[in-house]
Amino acid sequence: MPEIPLTVNGLRVHVPAGSVVAAAIALANVTSTRHSVNGEARAPLCGMGVCFECRVTINGHAHMLGCQTLCEEGMEVITT
Amino acid sequence: MSQQAVDVLIVGAGPAGLAAASSAAGSGARVALMDDNPTAGGQIWRGGLEHATTTRARHWLTHASTEAITLYARTRVISQVQPGVLLVETPTGAREICFQQLILASGARERFLPFPGWTLPGVMGAGGLQALVKGGLPIAGKRIVVVGSGPLLIAVAAFLKGKGARVQLIAEQTSWSRLGRFGLQLSRSAGKLRQAQSLGWRLRGIPLRANSWIKKAQGSERLEMVTVQRGKRVETFPCDYLACGFGLVPNTELASALGCVIEHGAVQVDERQQTNCPGIFCAGEATGIGGLDLALLEGQIAGFAATGQTEAARALFSARERERRFARQLASSFALRDELKHLAEPETLVCRCEDVSYGVLQEHLTWRGAKLQTRCGMGPCQGRICGTATSFLFGWTPDSVRPPVTVARIASLVYTHEDQEE
């Protein structure tokens, strides 16, 4: 299967085509996608665009959902 | 403002939406099918035609990929501009879609119950974990505990095992006697029995416990272990992921915002799947949890009815009634036990968006009061997670939904206004 290169917090990872950003974040060994209002580390919960726990910055756009966004070549993903 | 006009607009491209689209398109109508995911298929046929594994998935996904049906992927409804016009947000900006008939097939989400440690990374919905694994999350060799209730637990455990995960345990909260009765009901439907037998075979080696439920999850930076209660006994299991499935709840927010009547958490429809709002139909899990077979039937009926194919719709009524009966049996077999209302400790968070704890919420009497005083339900998910939880924990009913129906970019909201001025 073709692999797509992208970066997560500056770290280069390769994911199978068709992967979502949340999968790339896990592959980069990044545990959390965001921190809550009280500073708790959070990661995807619902996996289907409902809970907003997986929101990350993608190519400079804040609050993108990692579980519903497909990985694209050269994408820059930043967790908060 | 970019504007499209169609005869039938369908929101949600899961099984109900796909069935509605192809049934409506058969009349010659121009159909638009919209979904917030990158591909059609919904949760159950996630990934679309390319990843379809069953004949039925291929059948419906193929029938909905014709020229008469325009698919708007990664598109969310923001609001109703006026009757017959919805404002939607696509990856490239906002646009308006005008329609004659609207079919809502917004599906369901998982019910999450708060327990100590449920906010740790690694604690997920059972369907949610399955969805992410389908989306490339590496799972081979990972230790997984599955907790909750209902046939989804078994399906998810079998799926994860098939992907190389080490499923440690399935903890089902219902009793063996209820499970037994459900098994008897399954045996009356050859198709459902075959599915169950195939799942049972794929599950071999995974312990299944009834009368068992999650007590807490622990870990420093992420999940490391869970404690499961069975009667008076508690046991701990080291694990990498906890998959929680406490049943599904209909997604009724859009229907509610459009003025459709919601009762018992589901969109109310007549025999043609039409809501109280003329020209607005609803099909699938949003009308009440009933599973794939019922969603396909309701979708077809809605698609036929919305395009005047009355006889074709009527021909499916009795099959729909059979599936609805099965759905009622399913709901009673896996009704959630009262002990699950007392898993949270005072400091356990209930609202994850605004970090509002169980102890703080206990001081309030209503959803509205809690919202106003604590910001519970006022974060990005707009109460979709904690509203469902507090409805089970405290019996609170969420208020009506106001636009925007989902989180929207400011640019999408001001777009309409600018356009009017031009």
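Above this text sits the structure in question.
What comes next concerns the included structure. Model, not experiment: these values are computed from the prediction.

Here is what the cut-offs are and how they apply
Counting restarts for each chain: residues are numbered from 1 in the order of the written sequence. Chains carry letters from A onward and ligands carry numbers from 1 onward, assigned in written order. Local features in this predicted model are restricted to residues whose pLDDT is 70 or higher, and side-chain atom pairs enter the listing and the counts only when it is 80 or higher, whereas totals over whole chains, interfaces and linings include all residues. Two strands qualify as a pair provided DSSP detects at least 2 bridges between them. For helices the rule is a DSSP run of H or I covering at least 4 residues; for strands it is a run of E covering at least 2, with both sets numbered from the N terminus onward. Remark: residues whose backbone-derived C-beta atoms lie within 7 Å of one another are considered to be in contact. Every axis corresponds to a line fitted to the C-alpha atoms, with the helix fit spanning only the stretch in contact, and the corresponding angles, defined between N-to-C directions, vary from 0 to 180 degrees. Residues enter a nonpolar core if they are buried, belong to Ala, Val, Leu, Ile, Met, Phe, Trp, Tyr or Cys, and are joined to the set through C-beta atoms within 7 Å. Counting other C-beta atoms within 10 Å of each residue's C-beta, where C-beta atoms are placed from the backbone, gives the exposure class: buried for 20 or more, exposed for 12 or fewer, partly exposed between. Bear in mind that the domain bounds are from an automatic or database domain assignment.

The subject of this paragraph is the sheet that holds strand E9 (residues 143–148) of chain B. Pairing between the strands of a sheet comes from backbone hydrogen bonds, and it takes one of two forms, parallel or antiparallel. Residue and element names in this part refer to chain B. Reading across the sheet, the five strands line up as E8-E15-E9-E10-E11 and stay open at both edges, with parallel pairing between neighbours. Of all strands in the sheet, those with a lone pairing partner are strand E8 (123–125) and strand E11 (208–209), marking the two edges. Pairing of E9 with strand E15 (residues 241–245) involves five bridges; the strand directions are parallel. Bridging across to E15, valine 146 finds its partner in alanine 243. Sheet strands touched by helix H4 (residues 151–162): E9, strand E10 (166–172) and E15. Its angle to E10, the strand with the most contacts, is close to 175°.

Residues Ala22(A), Ala24(A), Val146(B), Val156(B), Leu242(B), Ala243(B) and Val350(B) are the most contacted members of the largest nonpolar core, which totals 87 residues. Domain assignment of the residues forming this core places at least three in each of domain 2 (114–245) and domain 3 (339–391) of chain B. When residues no more than four places from it in sequence are discounted, the contact partners of Ala24(A) are Leu6(A), Val8(A), Val13(A), Val15(A), Ser19(A), Cys71(A) and Val77(A). By size, the runner-up hydrophobic cluster in this structure holds 62 residues, among which are Leu9(B), Ala16(B), Val31(B) and Ala283(B).

Residues and elements named next belong to chain A. Pairing between strand E5 (residues 55–58) and strand E6 (residues 61–65): three bridges, direction antiparallel. The residue bridging valine 56 from the neighbouring strand is methionine 64, located in E6. The antiparallel hairpin formed by E5 and E6 contains two residues in its connecting segment, where asparagine 59 sits at a positive phi of about 50°.

What follows is about helix H3 (residues 126–134) of chain B. Counting buried positions along H3(B) yields nine of nine residues, so the element is predominantly enclosed. Buried residues of H3(B): Ala126(B), Gly127(B), Gly128(B), Leu129(B), Gln130(B), Ala131(B), Leu132(B), Val133(B) and Lys134(B), and no others. The secondary structure elements touched by the buried residues of H3(B) are helix H1 (21–27) of chain A together with strand E7 (108–110), E8, E9, H4 and E15 of chain B. Of the residues one or two after H3(B), Gly136(B) is the one with positive phi, at around 100°.

In this section: the sheet that holds strand E13 (residues 225–230) of chain B. Residues and elements named next belong to chain B. Read from one edge to the other, the open sheet built from three strands follows the order E12-E13-E14, with strand pairing classed as antiparallel. The open sheet has two edge strands with one neighbour each: strand E12 (212–218) and strand E14 (233–238). In this sheet, adjacent strand axes meet at a mean angle of 25° when their direction is disregarded. Note: E12 against E13, six bridges, orientation antiparallel. Within E13, the position partnered with isoleucine 214 by the bridge is valine 228.

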